[in-house]
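In case you want the letters, here they are:
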Amino acid sequence: MTGSANPLESLQTQLDEASRHVEVADDVLERLRHPKRVLESNLVIERDGGTLERFRAYRSQFNGDRGPYKGGIRYHPAVSRDEVVALSGWMAYKCAVVDVPFGGAKSGIAVDPDALSAAELERLTRAYATELRPLIGEDRDVPAPDVNTGPREMNWLKDTYETLERTTAPGVVTGKSLESGGSEGRVEATGRSTVVAAREATAYLGRSLDGATAAVQGYGNAGWISAKLLDEMGVTVVAVSDSDSGIVDRDGLDPAEVKAHKDATGNVLGYDGSDACTNEELLTLDVDLLIPAALESVIDATLARDVSANIISEAANGPITPDADAILAENDVFVVPDILANAGGVTVSYFEWVQNRQRVSWSEDRVNEQLEAVIVDAFDSLCRTVEERNIEIPRTAAYVLAIERIDRAYEQGGRWP
Ligand code: GLU
């Protein structure tokens, strides 16, 4: 489920909102409203039956002032240029908020991965890696997983790049499997930071997670891990959903069992003892915590009026439209913005890249401890910015932090070119 709002317009509105609180000139801000460059490719691969098929693919490199471009690759039928550009911008701001030394980029291929065999997906990924080859590199642009991609696709990308370049360069892509140079804790990282951010927000508001309830929209990697970690922290997860349907059980769901049910049947519907609900019903359920973990713009102004949760921690990128943000703030719903809440993914990508460059590997405990420290620190900076500058919407404060950090790097480099 995606809303109808244009994500690029949302990003530009979010920047305009933040610009009222920063001392950065309009001409400098204008630069941060648009991508540096966008690659658009037509990938043609052979289907298993022997026919050829074309797929549209994009890579948007939004901003590289703070380091190599960085961002995931999404496989989804609804991928569009504006969506990929917006997602690349959010990556640039996200890396700045958690102070990871990367810029922002994003890829999307307009494809339904469920309609392709594993062999076809491999041909598609290798075709895309071949297109990307001149643009990417350990110090240039470092892709990663996003919606519907994971370690398998990242391993293919690394292998294609290394084979064509006749070298080894594991840091050219992150989110690989452990055996191919991935990091402990990377698969769980997005869900982990979403939950750490929710925990920090709960404490900031003087509330307790003890006995709290949660609803999670989306049961891909970020959603299911969020549900699992919330459950481990003693939160009762009462509802979850996937792109087909939602399920609710006020007595609490067992996230691991729901995952097993989804793996076996293809969706969460029909899980033992649960009732079906729509995505809209899930998003407006009477719970303490709401975790949107699917796609953009799912909470618009109309839906925002009916949100009952006290805290939203955004595992997805861009799930709340700007006008919905204003309504949620009016209704005292505390939103931990995506560019902080889900930044665990890129933070552990950074750890993976560091390990690859040094040819070492860290323990899972070390990864999780360092991730926790980064997210807690970023959350504290966010709250300080909210208070010191009297900003009503936490997302706006996150943008203020990001814009100032990116602008300082640009300025110190001499604003060239
Ligand atoms: N796709 C993830 C995100 O949206 C991770 C990106 C990365 O690790 O580079 O943040």
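To be clear, the structure that these remarks concern was listed above.
About the criteria used
Residues numbered from 1 in each chain as written. Predicted model: local features only at pLDDT ≥ 70, side-chain atom pairs only at ≥ 80, totals over all residues. Heavy atoms only, no water. Helix = DSSP H or I, 4+ residues; strand = E, 2+ residues; numbered from the N terminus. Buried < 20%, exposed > 50% of the residue type's maximum accessible area, 1.4 Å probe, protein only. Contact = heavy atoms within 4.5 Å. Areas by Shrake-Rupley, 256 points an atom, 1.4 Å probe, with all protein chains shown as cover. Lys, Arg positive; Asp, Glu negative; His and termini not counted. Charge placed at Lys NZ, Arg CZ, Asp CG, Glu CD. Expected span 1.5 Å × (residues − 1). Core = buried A, V, L, I, M, F, W, Y, C linked by side-chain atoms within 4.5 Å. Polar contact = N/O pair within 3.5 Å; in protein donor to acceptor, adjacent residues only side chain to side chain. Pairing = 2+ DSSP bridges. Axes fitted to C-alpha atoms, helices over the stretch in contact; angles between N-to-C directions. Phe/Tyr/Trp six-rings, centres within 6.5 Å; stacked < 30°, edge-to-face > 60°. Lys NZ or Arg CZ within 6 Å of the ring centre and 35° of its normal. Parallel < 35°, antiparallel > 145°, perpendicular 65-115°, else oblique. Nonpolar A, V, L, I, M, F, W, Y, C, P; charged D, E, K, R; others polar. Near = heavy atom within 4 Å.

## A few points about the overall build of the protein
Turning to step 1, where the next piece is worked out: The helix and strand tally for the protein stands at 15 helices and 12 strands.
Turning to step 2, where the next piece is worked out: Each principal axis of the C-alpha atoms in the protein carries an extent, and together these give about 55 × 55 × 40 Å.
Turning to step 3, where the next piece is worked out: Buried residues in the protein amount to 59% of all 417 residues.
Turning to step 4, where the next piece is worked out: Pairs at least 24 apart in sequence give 68% of the contacts found in the protein among residues at least 6 apart.
Turning to step 5, where the next piece is worked out: About 16,600 Å² of surface is accessible on the protein, with carbon and sulfur atoms providing 43% of the total.
Turning to step 6, where the next piece is worked out: Seen as two clouds, the 41 positive and the 70 negative side-chain charges of the protein have centres 8 Å apart.

## A look at helix α15 (residues 394-412)
Turning to step 1, where the next piece is worked out: For α15, with 19 residues, the first-to-last C-alpha span of 27 Å sits near the 27 Å given by 1.5 Å per residue.
Turning to step 2, where the next piece is worked out: Counting buried positions along α15 gives 15 out of 19 residues, so the element sits mostly inside the fold.
Turning to step 3, where the next piece is worked out: Within two residues after α15, G414 carries a phi angle of roughly 90 degrees, on the positive side.

## Some thoughts on the nonpolar core
Turning to step 1, where the next piece is worked out: Of all hydrophobic cores here, the largest spans 83 residues; its most connected members are Y93, L230, V240 and I403.
Turning to step 2, where the next piece is worked out: If one sorts the elements of this core by residue count, helix α3 (residues 81-97) sits on top with 10 residues.
Turning to step 3, where the next piece is worked out: When neighbours within four sequence positions are excluded, L230 is seen to be in contact with V195, A214, V216, V235, V237, L289 and I291.
Turning to step 4, where the next piece is worked out: The next biggest cluster of nonpolar side chains, apart from the first, holds 24 residues, and it includes V238, L283, V298 and A309.

## Examining the side chain of N368
Turning to step 1, where the next piece is worked out: Looking at the element boundaries, N368 is found in helix α14 (residues 364-388).
Turning to step 2, where the next piece is worked out: Only 3.5 Å separates the side chain of N368 from the side chain of R192, close enough to count as a polar contact.
Turning to step 3, where the next piece is worked out: Not counting the four nearest positions on each side in its chain, N368 is found in contact with G185 and R192.

## What about the sheet that holds strand β1 (residues 37-46)?
Turning to step 1, where the next piece is worked out: Ordered in space as β1-β2-β4-β3-β5, the 5 strands form an open sheet in which the pairing is mixed. Pairing within the sheet leaves two strands with one partner each, and these edge strands are β1 and β5 (141-145). Shown here is a sheet whose adjacent strand axes are inclined to one another by a mean of 20 degrees, direction ignored.
Turning to step 2, where the next piece is worked out: Taken together, the 10 bridges between β1 and strand β2 (residues 52-63) define a ladder with antiparallel strand orientation.

## Here we look at the packing of aromatic side chains
Turning to step 1, where the next piece is worked out: Using the criterion set out here, one finds 11 aromatic pairs in the structure.
Turning to step 2, where the next piece is worked out: With centroids separated by 5.3 Å and ring planes inclined at 40 degrees, the aromatic side chains of F351 and W362 adopt a geometry described as tilted. One end of the pair, F351, is in helix α13 (residues 344-358); the other, W362, is in the loop between α13 and α14, and 11 residues separate them in sequence. The pair formed by F351 and W362 is uniform in burial state, with each residue classed as buried.
Turning to step 3, where the next piece is worked out: Among the aromatic residues, those joined into a cluster by ring pairs are F102, Y350, F351, W353 and W362.
Turning to step 4, where the next piece is worked out: Across the ring face of Y410, the terminal group of R31 is positioned such that the distance to the ring centre comes to 3.4 Å.

## Some remarks on the packing of helix α7 (residues 221-232) against helix α8 (residues 255-265)
Turning to step 1, where the next piece is worked out: The interhelical angle for the contact between α7 and α8, taken along N-to-C directions, is 155 degrees, at an axis separation of 9 Å. Relative to α8, α7 is oriented roughly antiparallel. Between α7 and α8, the contacting residues are W224, A227, K228 and D231 on the first element and P255, A256 and K259 on the second.
Turning to step 2, where the next piece is worked out: Partitioning the contact of α7 with α8 into residue classes produces 4 nonpolar, no polar and 3 charged.

## Some points on the sheet that holds strand β11 (residues 311-313)
Turning to step 1, where the next piece is worked out: Here we have 7 strands laid out as an open sheet, ordered β9-β8-β7-β6-β10-β11-β12, and mixed in their pairing. Looking at the sheet topology across the chains shown, the edges are occupied by β9 (275-277) and β12 (334-336). On average, each strand axis in the sheet is tilted by 25 degrees relative to the strand beside it, whichever way the strands run.
Turning to step 2, where the next piece is worked out: Where strand β8 (residues 246-248) lies against β9, 3 bridges are found, and the strand directions are antiparallel. Residue pairing for β9: G246 is matched across the bridge by C277.
Turning to step 3, where the next piece is worked out: Relative to the sheet, helix α6 (residues 189-204) contacts β10 (289-292), β11 and β12, its axis offset from that of β11 by approximately 155 degrees.

## Re the site of the ligand
Turning to step 1, where the next piece is worked out: Taken together, 14 residues lie near the ligand, and K70, K94, P145, D146 and S349 sit nearest.
Turning to step 2, where the next piece is worked out: At 2.8 Å from a nitrogen atom of the ligand is found a side-chain nitrogen or oxygen belonging to D146.
Turning to step 3, where the next piece is worked out: At 2.6 Å from an oxygen atom of the ligand is found a side-chain nitrogen or oxygen belonging to S349.
Turning to step 4, where the next piece is worked out: Elements represented by at least two residues in the shell around the ligand include exactly β3 (69-76), α3, β5 and α13.
Turning to step 5, where the next piece is worked out: When grouped by side-chain class, the residues that make up the shell around the ligand number 4 nonpolar, 5 polar and 5 charged.

## Overview of the environment of P322
Turning to step 1, where the next piece is worked out: Along the chain, P322 falls in helix α11 (residues 322-330).
Turning to step 2, where the next piece is worked out: Along the backbone, P322 and E9 are 313 residues apart, and their C-alpha atoms lie at a distance of 9.3 Å.
Turning to step 3, where the next piece is worked out: Discounting residues that sit within four places of it in the chain, P322 has contacts with S10, T13 and Q14.

## Structural notes on the environment of L132
Turning to step 1, where the next piece is worked out: Among the structural elements, L132 can be located in helix α4 (residues 118-132).
Turning to step 2, where the next piece is worked out: Taking the C-alpha atoms as reference points, L132 and S41, 91 residues apart in sequence, are found 9.4 Å from one another.
Turning to step 3, where the next piece is worked out: If sequence neighbours within four positions are ignored, L132 has contacts with L39, R59 and P143.

The analysis is restricted to geometry; functional conclusions fall outside its scope.
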